[in-house]
Amino acid sequence: MHPAWFHVENEADIPSPALLFYRSRIEHNLQLMLKIAGNAKRLRPHVKTHKTAEVIAMQIKLGITKFKTSTIAETEMCAAVGATDVLLAMPCVGINAHRLAELAVKFPETQFSSIADAEETIGFLATAAQQHNVTLGVYLDFDCGMARTGIVPGDAVAMLAHVIKDMPRLQFRGLHAYDGHIHDESLDVRRERCDAAFEPVLQFRCRLQGEGIVVKELVAGGSPTFGIHAGYDDRTLSPGTTVLWDFGYGDKYPADLPFQPAAVLLARVISKPGTNRITLDLGHKSVAPENPHPRVRFEELPDAVAVMQSEEHLVLETDRAHEFTIGQALHGIPRHVCPTVSMHGEAYVIEVGKTTERWPITARNRLITV
């Protein structure tokens, strides 16, 4: 019998719980991203899912040079690997504005930008850029329905665009609109909601251009709407989860987003409390706990019911408990891979059924050097 795709020949050498990255599956997902986007220049992938320098290097090798980040550490990681254009998609206030400016000093070959939805945020960026004698890009952040950050298109946004344009050491780069609230299973519903959410953004872009402001880039969407935005050649695409995928998205979008789960959690049976229970060494310090159970789906035991999870333990209830022995390894796909990855200091890389190396989750830390 051919071994299952998740099989690791030398998994006895891997301590549990552990995060595994399957390299060929990451490569498949990157190629699919390129196919959906049409070309590498249209992609500005988000790095928050993997937080790993080696994955950035894989993307750069494919011609992807622009990236999107959530933290200063992720931003520094991208620049250190060789990214030429990095957008920090987080309002940069307080000392973080100065940290971004310090990165611009440290990596002069990289263009750094951030988002803003208020005059105060623009002020933080301008002060930092002027003090460090660097130029920082700014994208206006639009609220297209998520109500998390961003400003609704209107006169106030037009004013902010002119403030950025006229501010020394700041460069108006374009618009940013994240539609993370749109994740309907139906592609038709997703497309309808996506198009409706972006219509005010597109109209406002026309207004700004009419007022003499050059909108160089519209950064749009996340993973669920990636394919929809790809159908329009007037925007840059910024999916993130697509690199590693998870069953939270995989169950919803198997037809239009056929990415492969490339990150697996290795856990072992550490106890069998009763005839129908097994306990694994996979607590909520090892897998994202913000969702209801199942937070992880085991390939060997997909129908098991999670009845208890604590910091280091996961108790599963199953009529098949007798099939599993103490010390046996199970392989689980997380529901939400992004925060799960950040709980691990490194990933074991699996190639041709063997672990070959370990990649540090570089930007798991909030600070690298700056």
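Our structure's up above, just so we're on the same page.
Quick summary incoming for the structure in this document. Fair warning: this is a prediction, and the values are worked out from it, not measured in the lab.

### Description of the pairing of strand 12 (residues 305–309)
- Looking at chain direction, strand 12 and strand 13 (residues 314–317) are connected through 4 bridges and run antiparallel. Each bridged residue has a counterpart across the sheet, and for Met308 the counterpart in strand 13 is Val315.
- Hairpin geometry of strand 12 and strand 13 is characterised by an intervening segment of 4 residues between the two adjacent antiparallel strands.

### Some thoughts on the nonpolar core
- In terms of nonpolar packing, the biggest core is built from 105 residues, with Phe21, Leu136 and Phe298 touching the most fellow members.
- Per-element accounting of this core gives the leading share, 7 residues, to helix 7 (residues 187–210).
- With residues near it in sequence (within four places) discarded, Phe21 still touches Ile26, Thr52, Leu244, Ala262, Ala263, Val341, Ala347, Tyr348, Val349, Ile350, Trp359 and Ile361.
- Core analysis: the second largest hydrophobic core is formed by 11 residues, Ala18, Leu20, Ala329 and Tyr348 among them.

### Quick notes on the packing of aromatic side chains
- Across all of its chains, the model carries 7 aromatic pairs by this definition.
- Between the aromatic rings of Trp5 and Tyr22, the centroid separation amounts to 5.2 Å while the plane-to-plane angle is 65°, which identifies the pairing as edge-to-face. With Trp5 in the segment before strand 1 (18–22) and Tyr22 in strand 1, this residue pair connects regions lying 17 residues apart in the sequence.
- A relative accessible area of 30% means that Trp5 is categorised as partly exposed.
- A relative accessible area of 4% means that Tyr22 is categorised as buried.
- Here Phe142 and Phe204 contribute two aromatic rings whose centre-to-centre distance is 5.5 Å and whose plane-to-plane angle is 70°, an arrangement assigned as edge-to-face. Here Phe204 lies in helix 7 and Phe142 lies in strand 5 (residues 136–142), a separation of 62 residues in the sequence.
- Of the aromatic side chains, those joined through ring pairs into one cluster are Trp245, Tyr249, Tyr253 and Phe259.
- For Arg297, the ring lying beneath its charged end belongs to Phe247, and the centroid distance is 4.1 Å.

### Considerations on the pattern of salt bridges
- Summed over the entire model, instances satisfying the criterion amount to 21 salt bridges.
- Taking the shortest distance from any N to any O, the salt bridge between Arg207 and Glu211 comes out at 3.0 Å.
- Take Glu211: its relative accessible area is 34%, and that puts it in the partly exposed class.
- For Lys285, the salt bridge is made with Glu311, and the minimal N-O distance between the two is 2.8 Å. On the criterion of sequence distance, the pair formed by Lys285 in the loop between strand 10 (277–280) and strand 11 (296–298) and Glu311 in the loop between strand 12 and strand 13 is long-range, its members being 26 residues apart.
- Relative accessible area serves as the criterion here: at 45%, Lys285 is assigned to the partly exposed category.
- What you see here is one network of salt bridges that share partners, running through Arg44, Asp85, Arg173 and Glu217.

### Quick look at unusual backbone geometry
- Backbone torsion omega between Ser16 and Pro17 reads 0°, so that peptide bond is classified as cis.
- The topology assignment puts Pro17 in the segment before strand 1.
- Residue Pro294 follows His293 across a cis peptide bond; omega there is 0°.
- Among the secondary structure elements, Pro294 is positioned in the loop between strand 10 and strand 11.
- In the Ramachandran plot, Asn133 falls in the positive-phi region, its phi being about 60° despite a non-glycine side chain.
- Inspection of the secondary structure puts Asn133 in the loop between helix 5 (119–132) and strand 5.
- Relative accessible area serves as the criterion here: at 53%, Asn133 is assigned to the exposed category.

### Some thoughts on helix 6 (residues 155–166)
- The first and last C-alpha atoms of helix 6 sit 17 Å apart over 12 residues, in line with the 16 Å expected at 1.5 Å per residue.
- Among the residues of helix 6, Val157, Ala158, Leu160, Ala161, Val163 and Ile164 are the ones counted as buried.
- Taken together, the buried residues of helix 6 touch helix 5, strand 5, strand 6 (170–177) and helix 7.

### What about a nonpolar patch on the surface?
- A cluster of nonpolar residues, Val305, Val307 and Met308, forms a patch on the protein surface that exposes about 240 Å² of accessible area.
- Considering the arrangement of structural elements, one finds Met308 in strand 12.

### A closer look at the sheet that holds strand 5
- In spatial order, the strands read 2-3-4-5-6-7-8; together these 7 strands make up an open sheet with parallel pairing. Each edge of the open sheet is held by one strand with a lone partner, namely strand 2 (66–69) and strand 8 (236–237).
- Direction of pairing for strand 3 (residues 85–88) relative to strand 4 (residues 111–116): parallel, over a ladder of 4 bridges. Residue pairing across strands places Leu88 opposite Ser114, the latter belonging to strand 4.
- Taken strand by strand, helix 6 contacts strand 5 and strand 6, and its axis lies near 180° from that of strand 5.

Thresholds applied
- Residues numbered from 1 in each chain as written.
- Predicted model: local features only at pLDDT ≥ 70, side-chain atom pairs only at ≥ 80, totals over all residues.
- Heavy atoms only, no water.
- Pairing = 2+ DSSP bridges.
- Helix = DSSP H or I, 4+ residues; strand = E, 2+ residues; numbered from the N terminus.
- Core = buried A, V, L, I, M, F, W, Y, C linked by side-chain atoms within 4.5 Å.
- Buried < 20%, exposed > 50% of the residue type's maximum accessible area, 1.4 Å probe, protein only.
- Contact = heavy atoms within 4.5 Å.
- Phe/Tyr/Trp six-rings, centres within 6.5 Å; stacked < 30°, edge-to-face > 60°.
- Lys NZ or Arg CZ within 6 Å of the ring centre and 35° of its normal.
- Salt bridge = Lys/Arg side-chain N within 4 Å of Asp/Glu carboxyl O.
- Expected span 1.5 Å × (residues − 1).
- Patch = residues over 30% accessible without salt bridge, like charges linked within 9 Å, V, L, I, M, F, W, Y side chains within 5 Å.
- Areas by Shrake-Rupley, 256 points an atom, 1.4 Å probe, with all protein chains shown as cover.
- Axes fitted to C-alpha atoms, helices over the stretch in contact; angles between N-to-C directions.

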